[in-house]
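# Summary of structural features
Each chain is listed here by its residues.
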Protein chains: 2
Amino acid sequence: MTLEITENETTLAIIQTLKDRKKEQFLSIMDELQPYDIAQQYLNLPNKHKNKFIMYLPTEQLTYMIQELDKEDQLLVLEKLGIERSTQVLDLMDNDDLVSLLEELEPEKVEEILSEMKEEESTIVQNMMKYSPETAGRIMTNLYVWIPKTYTVREAVDKLKHFAELAEYLNYLYVIGEKKELVGVVSYKDLLLADMYEKIEDIMFSRVVTVDVHTDQEEVAKLINRYDFISIPVIEENNKLVGVVTVDDVMDIIYQEANEDIEKLSASGKAIDFNTKPFVAAFRRLPWLILLLFIGIVSGSIIAGFEETLDKVVALAFFMPMIAGMTGNTGTQSLAVVVRGLTKDDLNVKEVIKLVMRELWVGIIIGVTCGILIAIIALFWQGNATLGLVVGVSLLVTLIIGTLSGTIIPLILYKFNVDPAVASGPLITTINDIISLFVYFGIATMFLSKLM
Amino acid sequence: MTLEITENETTLAIIQTLKDRKKEQFLSIMDELQPYDIAQQYLNLPNKHKNKFIMYLPTEQLTYMIQELDKEDQLLVLEKLGIERSTQVLDLMDNDDLVSLLEELEPEKVEEILSEMKEEESTIVQNMMKYSPETAGRIMTNLYVWIPKTYTVREAVDKLKHFAELAEYLNYLYVIGEKKELVGVVSYKDLLLADMYEKIEDIMFSRVVTVDVHTDQEEVAKLINRYDFISIPVIEENNKLVGVVTVDDVMDIIYQEANEDIEKLSASGKAIDFNTKPFVAAFRRLPWLILLLFIGIVSGSIIAGFEETLDKVVALAFFMPMIAGMTGNTGTQSLAVVVRGLTKDDLNVKEVIKLVMRELWVGIIIGVTCGILIAIIALFWQGNATLGLVVGVSLLVTLIIGTLSGTIIPLILYKFNVDPAVASGPLITTINDIISLFVYFGIATMFLSKLM
């Protein structure tokens, strides 16, 4: 970034203007900053200067700044503002940002806030909150420009000018019919290139890609990314236009969904970031670990079931972690490929069969390679050809099973509309752990007389 | 999506028009489709109709369609086109799409293609290819509008109209000085709201957030997402404006980087998707699995080193997979939190210390909880209080160590500019595996007389 002065110098300059009560100088610094930067400056400021910072900042800039903060800090600032000014801020806030703030609060608090706001704004927000979280209806904004199809290009340009300050993006104008039903879209480019007296309905693009209010946000992100849109219109029954989802929110969704996939795949617990408190983080992770602990007990009792075999050939224990670890890993590899693949593409039956066959082959190739390798190592290390054979064959079999279960289980879950990432991580670990121990000790017991 | 006719019906209609050689009807279907949809239709088409599809499609629409295909299909279509038409397409293609196609090809093939293109276009592409992959210079486009700072608002609007068809987005106009150095930015909104005779330099925003040609694409994505931009200007020495990176490319980058993080964390091998061939997929995964196999051998030899202990108390083997598995998992949990956290935030020393202390506490909390739980289970299952104590204390110690190594190792790698996701996955697995076995058998050997 080429900023003439660095962030720290800016902070010092801001503190100086606040100390000297030079509001005009303070405002001229703020005018040069992006909302995100203003928020960072505010957060970096020593606490004793924060009240004056908020006091000096005009309500509009303050609103933009608040939208850049995380929810905890948003609430702290709103409390500092007092009822009158915080209501002004809430009225100015983008609906989608306001909804995502409110959904974290107690119902009584939400009611209190809504009752203080302008009725028009509060009705819109209340309507949005009726939709399920993580759907298009929850993340849409009403800051877009719509025009009746009967407008001329000149009328459209005039309306656009009038709403320029309000709309998030000006790239598209949505065209509606008599009942506010969406009938087409016109890009700003089209307006620039058209004759001023043409009718909008004659130049509009009528095959509009839309999402329903109930569409999952991941699906919305997929569509915006697929079509390289800046925004996508949201409709409800009878094609009625009720909002748009913009690309900046979609970027956050893509980050969020990727993080969720990683959380689920690594079983690392929900929504832990750098600011999560230790107790909260520990208790979000504990369920997975306790589940794993019990899976470990199940594995342990399988081993206990083969105690006699193990007692006779202690060397079998040496290869136990390797076989369990590799089977688990190969399952996770397949799972990761399936889960991420599904975020970008949808699959039909033909493709599913192709994918399962591919993974079967992958399992065979890696099984044969690793099986031969470990058989040779076991032979030379323990000087026992039968042990080498037992370990090698076990690894071959478990790697093939591990690969297939890591592919098929998430696909089945996906088919039944269960998120494959969340349910299959521990499921695949359990199944692979148990199968690998059964296969290993089963084969070993079969060859027991030759092993000793 | 509310499309009046479904995708399949469209396909049938297209095939009919191609069969009946009704070019005009074919073109009117195409005019209603987005480039992505045209590409999907082309891919779904039976092979015998593909040549006519390409022949009928106007070169401009064909170019848009090709930009939506993956690289293999792009090359197949270009080959079908013949030299003359494929050169027209290449000239029309967005530079960033062209560069990402060329970087996959043999150097001779690249030279051949570039030599056939317009010199102006080929120079731009050659310049872009000088930058390292995954930097701003490689992914920028030259389809943006710039204006000299001496322009009036009216002149700017006129230029904008002139370039409307070319530019990817019209949201911002970049303002340059005499040496093409970037001096400011004007949004289209600003132009609409300003007086026609005002000078651009008087209304422009001069504190422009930019990226350098060498900036990593992940950093570019971070900035665009942070500031909710639609595009960000790319500069080289002396602040010279050389391109912009647009939000649609950034969305692809966010997907790609998230997939890379998941690939690395799950050690699932590079760039495996639903279309990867089995041999390729297997050989991309094998390195990790072979590494894991050798780690397994190291673990095995640690167990072998404690053979005497294990021989005397076989029950110790029952808890081995559980302890190794849980230590490995807790390390991966911490690693996932750190790796994903770093994609959105940068850390200073104070925050690093805070994070490490947080994870230490997390380790203690989950260690104590799981340790007590397993001690009780071991006591009742095996009826041996000492065994319960050994297993419980081992788990407590290894969970704390696992959590810390999963936090500290990726932070150290990040500090030395090594990607924490790629290097620390297997590293943490190794370290945690080895430490957990040492701790477990070490403690068990200490209490051996009481265990028997």
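Quick caveat, the model's predicted, so the values are computed rather than measured.

So, on to the overall build of chain A. The number of helices and strands found in chain A is 22 helices and six strands. Whereas a compact globule of 452 residues would reach a radius of gyration of roughly 22 Å, chain A reaches 30 Å, over 25% beyond that. Taking the principal axes of its C-alpha atoms as reference, chain A extends roughly 90 × 60 × 45 Å. Among the 452 residues that make up chain A, the fraction classed as buried is 56%. Expressed as a percentage of contacts within chain A between residues at least 6 apart in sequence, the contacts between residues at least 24 apart total 66%. Across chain A, the 39 positively charged side chains and the 65 negatively charged ones have centroids separated by 2 Å.

A word on the UniProt feature "transmembrane region" (unreviewed entry) in chain A. All names here are of chain A. UniProt records the feature "transmembrane region" (unreviewed entry) at residues 286-306, 318-339, 360-381, 387-414 and 426-448, using the numbering of this structure. Taken end to end, residues 318-339 has its terminal C-alpha atoms 33 Å apart, with 100% of it in helix and 0% in strand. Between the end C-alpha atoms of residues 360-381 the distance is 31 Å, and the span holds 100% helix and 0% strand.

Residue-level contacts link 124 residues of chain A with 125 residues of chain B. When chain A packs against chain B, the two sides together hide about 11300 Å² of surface, and 68% of this comes from carbon and sulfur. Together, A:Arg207, A:Tyr255 and A:Phe274 form the three largest contributors to the area buried by chain A at its contact with chain B, with a combined 9%. When the shortest N-O distance is used, the salt bridge between B:Glu359 and A:Arg285 registers 2.8 Å. Remark: the boundary between chain A and chain B carries eleven residue pairs in polar contact (both at pLDDT 80 or more).

On to helix H19 (residues 349-382) of chain B, then. The end-to-end C-alpha distance of H19(B), which contains 34 residues, comes to 47 Å, matching closely the 50 Å that a straight helix rising 1.5 Å per residue would cover. Phi turns positive one or two residues past the end of H19(B), at B:Gly383, with a value near 60 degrees.

Residue and element names in this part refer to chain B. Pairing is mixed across the open sheet formed by three strands, whose spatial order is S4-S5-S6. Of all the strands in the sheet, just strand S4 (211-212) and strand S6 (240-246) have a single pairing partner and so form its edges. The pairing of S4 with strand S5 (residues 231-236) spans two bridges and is parallel. Pairing of Asp-212 across the sheet is with Ile-235, part of S5. Sitting on the sheet, helix H14 (residues 217-227) is in contact with S4, S5 and S6, with an inclination near 135 degrees to S5.

This paragraph deals with the environment of A:Arg154. Residue and element names in this part refer to chain A. Structurally, Arg-154 is set in helix H11 (residues 153-163). On the accessibility criterion, Arg-154 (40% relative accessible area) is partly exposed. In this structure, the C-alpha to C-alpha distance between Arg-154 and Tyr-197, residues 43 residues apart in sequence, is 6.4 Å. Not counting the four nearest positions on each side in its chain, Arg-154 is found in contact with Met-196 and Tyr-197.

Here the focus is a negative patch on the surface. A surface patch of like charges, here negative, comprises A:Asp195, A:Glu198, A:Glu201 and A:Asp202. Residue A:Asp202 is classed as exposed on the basis of its relative accessible area, which comes to 60%.

The two copies are related by a screw operation: chain A maps onto chain B through 180 degrees of rotation and 0.1 Å of translation along the axis, at an RMSD of 0.1 Å. What the superposition gives is, in effect, a two-fold axis relating one chain to the other. Both copies share a contact surface, since 100% of the interface residues of chain A are interface residues in chain B too.

Let's shift gears to the nonpolar core. The biggest cluster of nonpolar side chains holds 130 residues, and the ones touching the most others in it are A:Phe53, A:Met65, B:Phe53 and B:Met65. When neighbours within four sequence positions are excluded, B:Phe53 is seen to be in contact with B:Ile14, B:Leu18, B:Phe26, B:Met30, B:Ile38, B:Tyr42, B:Leu45 and B:Met65. Membership of the second largest hydrophobic core comes to 87 residues, among which are A:Met326, B:Met322, B:Ile323 and B:Val362.

Here, UniProt's "domain: CBS" (unreviewed entry) annotation points to residues 140-203 and 204-262 of chain A. Between the end C-alpha atoms of residues 204-262 of chain A the distance is 42 Å, and the span holds 46% helix and 25% strand.

For the rest of this paragraph, the subject is the packing of helix H19 (residues 349-382) of chain A against helix H20 (residues 385-415) of chain A. Residues and elements named next belong to chain A. For the pair H19 and H20, the least separation of the axes is 7 Å and the interaxial angle reads 160 degrees. The angle between H19 and H20 places the two elements in the roughly antiparallel class. As H19 runs across H20, the sense of the crossing is right-handed. When grouped by side-chain class, the residues that make up the contact of H19 with H20 number 22 nonpolar, eight polar and one charged.

What follows deals with a nonpolar patch on the surface. Together, A:Val368, A:Ile372, A:Ile376, A:Leu379 and A:Phe380 make up a nonpolar patch on the protein surface, roughly 470 Å² of accessible area in all. Along the chain, A:Leu379 falls in helix H19.

Scanning the entire structure with this criterion turns up 28 aromatic pairs over all chains. Judged by centre distance (5.6 Å) and plane angle (65 degrees), the ring pair of A:Phe26 and A:Tyr56 falls under edge-to-face. Taken together, the positions of A:Phe26 in helix H2 (residues 23-31) and A:Tyr56 in helix H4 (residues 47-56) put the pair 30 residues apart, joining distant regions of the chain. Here A:Phe26 falls in the buried class, since its relative accessible area comes to 0%. The class for A:Tyr56 is buried, based on a relative accessible area of 10%. With 6.4 Å between their ring centres and 55 degrees between their planes, A:Tyr172 and A:Tyr174 make a pair best called tilted. Joined through ring pairs, the aromatic side chains of A:Tyr36, B:Tyr144, B:Tyr172, B:Tyr174, B:Tyr227 and B:Phe229 make up one cluster.

All names here are of chain B. With a phi angle near 55 degrees, Asn-238 is a residue other than glycine that sits in the positive phi range. Checked against the element boundaries, Asn-238 lands in the loop between S5 and S6. Take Asn-238: its relative accessible area is 72%, and that puts it in the exposed class. Residue Asn-239 is not a glycine yet carries a positive backbone phi of 65 degrees. Mapping Asn-239 onto the fold places it in the loop between S5 and S6. Asn-239 gets classed as partly exposed once you look at its relative accessible area, which sits at 26%.

This part covers the packing of helix H14 (residues 217-227) of chain A against helix H15 (residues 247-265) of chain B. Closest axis-to-axis distance for the H14(A)/H15(B) pair is 9 Å, and the angle between their directions is 130 degrees. Regarding the angle of H14(A) to H15(B), the classification is oblique. Between H14(A) and H15(B) lies a crossing whose hand is left-handed. From H14(A), A:Ala221, A:Lys222, A:Ile224 and A:Asn225 reach across to H15(B), where they touch B:Asp248, B:Met251, B:Asp252 and B:Tyr255. In terms of residue class, the contact of H14(A) with H15(B) is built from four nonpolar, one polar and three charged.

This part takes up helix H7 (residues 95-102) of chain B. Residue and element names in this part refer to chain B. Among the eight residues that make up H7, seven are buried, leaving the element largely enclosed by the rest of the structure. What H7 keeps buried is the set Asn-95, Asp-96, Asp-97, Leu-98, Val-99, Leu-101 and Leu-102. Here the buried face of H7 lies against helix H5 (59-68), helix H6 (71-92), helix H8 (107-116), helix H9 (119-129), helix H10 (136-139) and H15.

What counts, and where the lines are drawn
- Chains are numbered independently. Their residues run from 1 in the order of the written sequence.
- All chains are assigned letters beginning with A, and all ligands numbers beginning with 1, in the order in which they are written.
- Residues qualify for local features only when their pLDDT is at least 70, as the model is predicted, and side-chain atom pairs are given and counted only at 80 or more; totals for whole chains, interfaces and linings, by contrast, use all residues.
- Side-chain figures throughout are based on the complete set of non-hydrogen atoms in the structure, without hydrogens or water.
- By the criteria applied, helices consist of DSSP H or I runs no shorter than four residues and strands consist of E runs no shorter than two, each listed in order from the N terminus.
- Computation of the radius of gyration draws on C-alpha atoms alone. For the globule rule, the value is 2.2 Å times the number of residues to the power 0.38.
- Only protein chains enter the accessibility calculation, which uses a 1.4 Å probe. A residue is then buried if its area is under 20% of the maximum for its type, exposed if over 50%, and partly exposed in between.
- Should any heavy atoms of two residues lie within 4.5 Å, those residues are considered in contact.
- Asp and Glu are treated as the negative residues and Lys and Arg as the positive ones, with His and the ends of the chain left uncounted.
- A charged residue contributes its charge at one atom only: NZ of Lys, CZ of Arg, CG of Asp or CD of Glu.
- UniProt positions are given in the numbering used here, feature names are shortened, and annotations may be inferred rather than shown by experiment.
- In this description, buried area is defined as the sum, over both parts, of the accessible area (probe of 1.4 Å) that is lost when the two are combined.
- In what follows, salt bridge is the name for a side-chain nitrogen of Lys or Arg lying within 4 Å of a carboxyl oxygen of Asp or Glu.
- As used in this structure description, the phrase polar contact means that two N or O atoms lie within 3.5 Å; if the pair is within protein, one of them must be able to donate a hydrogen and the other to accept it, and residues adjacent in sequence are counted only when both atoms belong to side chains.
- One less than the residue count of a helix, multiplied by 1.5 Å, gives the span that helix is expected to have.
- Whether two strands pair comes down to DSSP finding at least two bridges between them.
- Lines are fitted to the C-alpha atoms to define the axes, a helix being fitted only along its stretch in contact, and any angle between axes, read from their N-to-C directions, falls within 0 to 180 degrees.
- Patch definition: residues above 30% relative accessible area lacking any salt bridge, with like charges linked at up to 9 Å and the nonpolar side chains Val, Leu, Ile, Met, Phe, Trp and Tyr linked at up to 5 Å.
- Note on areas: Shrake-Rupley with a 1.4 Å probe; residue coverage comes only from the protein chains shown.
- The least-squares superposition of copies is restricted to C-alpha atoms, and to residues with a pLDDT of at least 70 in both copies.
- We call a set of buried residues a nonpolar core when its members are Ala, Val, Leu, Ile, Met, Phe, Trp, Tyr or Cys and they connect through side-chain atoms within 4.5 Å of each other.
- Each angle receives one of four descriptions, namely roughly parallel if under 35 degrees, roughly antiparallel if over 145, roughly perpendicular if within 65 to 115, and oblique otherwise.
- Take the far helix as the reference: if the near one is turned anticlockwise from it by less than a right angle, the crossing is left-handed, and if turned clockwise, right-handed.
- When residues are grouped by polarity, Ala, Val, Leu, Ile, Met, Phe, Trp, Tyr, Cys and Pro land in nonpolar, Asp, Glu, Lys and Arg in charged, and all others, Gly among them, in polar.
- Each Phe, Tyr or Trp ring, with Trp reduced to its six-membered ring, pairs with another whose centre is within 6.5 Å; inter-plane angles below 30 degrees give stacked pairs, above 60 give edge-to-face pairs, and intermediate values give tilted ones.

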